Amino acid sequence: MSSFDVVTVGSAVLDHIYSLSNLPKPDGGAFAREHTTDVGGVAANVASGLAEFGNKTGIITRVGADDAGEIEADLHAREIDCSRIQVGSEESSYTLILRGPDGERMIVAGGQSVPNLQLDAHDIEYAGNASVVFTSAYAPDTVVSRLVTARERGEISTLVFDLAGPLSELEGRGTTPETIDRLLSVVDLFVVGEVAARSYFDGGADEAIATLTQQNVSRAAITQGSDGARLLEGNTVTDIPAFEVDVNDTTGAGDTFTAGLIHTWLLNDYSARDAGRFAAATAALNCTELGARGNLPSESDVREFIEAQ
């Protein structure tokens, strides 16, 4: 029996969130009406969403000593196992999130702790004790490549990968196209948003689905923001509409969608349609509050929301 339901691998950072009068254009400006700080990062966000659903969750990440206490305290409070968090002397990785009045945002990342993350044999053993291992393209290429090798060798049983950003954004710090190419032959769930899909697949959802089908990827999700998502299982495509809510902040919507999808589609064997609706509802609820984890719902919260629609 697995020690964990899910282990996430990658980024846990401090998000510095600025609520602006407007999102600035090049050479333009804006006024910061509010500034808040919270723990974020794709691996931390997905782990937090899964823990809220009652899953036993662990994380492998690297933080700088300057922010280690704050990040670990937050994750511990969410009952996420932090025993494989590495602490380095370098500056912690961080994000600057510029949020416009309509809830849209721009994200700028910096810091060296996440790019310095490496996996050793103990990390792979730890990940191997999970039913599902999640990572994203924001993890260093050496990390994702090591996880692909571990999946090829059967050291981990189920691998989920989120191509979380366009290739230009990943260059020099994240996953390379060559590793993504390798990953397609072993990944158990491939998640990608429209912007990243256009970068890697040279097209939108249709081109992504065609390539993923050709590569025999067993399950995939192409997220399209307010237009919903498309789920691929075998050769079957299921369209999932988005739920309408009063959007406060879209930051973290994709991460909470992924958490909902892992919880239902992989851990609880829902159908693609039911898993997609659950994930879409999870993302919608999180968009109603400020921050990447502003409103992480419980499983009962999601079910009540779906039933009320």
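The following refers to the structure shown. (Residues numbered from 1 in each chain as written. Predicted model: local features only at pLDDT ≥ 70, side-chain atom pairs only at ≥ 80, totals over all residues. Heavy atoms only, no water.)

**Here's the deal with the packing of aromatic side chains**
- Evaluated as defined, the whole model comprises seven aromatic pairs.
- Ring plane angle 50 degrees and centroid distance 4.9 Å describe the contact between Phe 4 and Tyr 126, whose orientation is recorded as tilted. Of this pair, Phe 4 sits in strand E1 (residues 4-10) while Tyr 126 sits in helix H3 (residues 121-128), placing them 122 residues apart in sequence.
- Judged by its relative accessible area of 9%, Phe 4 falls in the buried class.
- Within the aromatic cluster, the residues linked to one another by ring pairs are Phe 161, Phe 190, Tyr 200 and Phe 201.
- Residue placement shows Lys 56 over the ring face of Phe 4; its charged tip is 5.4 Å from the ring centre. (Phe/Tyr/Trp six-rings, centres within 6.5 Å; stacked < 30°, edge-to-face > 60°. Helix = DSSP H or I, 4+ residues; strand = E, 2+ residues; numbered from the N terminus. Buried < 20%, exposed > 50% of the residue type's maximum accessible area, 1.4 Å probe, protein only. Lys NZ or Arg CZ within 6 Å of the ring centre and 35° of its normal.)

**Describing the pairing of strand E8 (residues 130-136)**
- Of all seven residues in E8, six are buried; the element is thus mostly enclosed.
- Of the strand pairs in this sheet, E1 and E8 are connected by five bridges, and their pairing is parallel. Counted as the bridge partner of Val 6 is Val 132 from E8.
- Both E8 and strand E9 (residues 159-163) contribute to a ladder of four bridges, which runs parallel. Looking at E9, one finds that Val 133 is bridged to Leu 159.
- Chirality of the crossover, the property in question, places the unit of E8, helix H4 (residues 141-153) and E9 among those that are right-handed. (Pairing = 2+ DSSP bridges. Right-handed = clockwise from strand over helix to strand, strands pointing away.)

**Quick word on the packing of helix H1 (residues 42-52) against helix H9 (residues 253-266)**
- Direction vectors running N to C along H1 and H9 enclose 45 degrees, while the axes themselves pass 8 Å from each other. As judged from the angle between their axes, H1 and H9 are oblique. Seen from above, H1 lies across H9 with right-handed handedness. Residues Val 42, Asn 45, Val 46, Gly 49 and Leu 50 of H1 form the contact with H9, whose participating residues are Asp 255, Thr 258, Ala 259, Ile 262 and His 263.
- Residues belonging to the contact of H1 with H9 are distributed by class as follows: five nonpolar, four polar and one charged. (Axes fitted to C-alpha atoms, helices over the stretch in contact; angles between N-to-C directions. Parallel < 35°, antiparallel > 145°, perpendicular 65-115°, else oblique. Left-handed = near helix turned anticlockwise from the far one by under 90°. Contact = heavy atoms within 4.5 Å. Nonpolar A, V, L, I, M, F, W, Y, C, P; charged D, E, K, R; others polar.)

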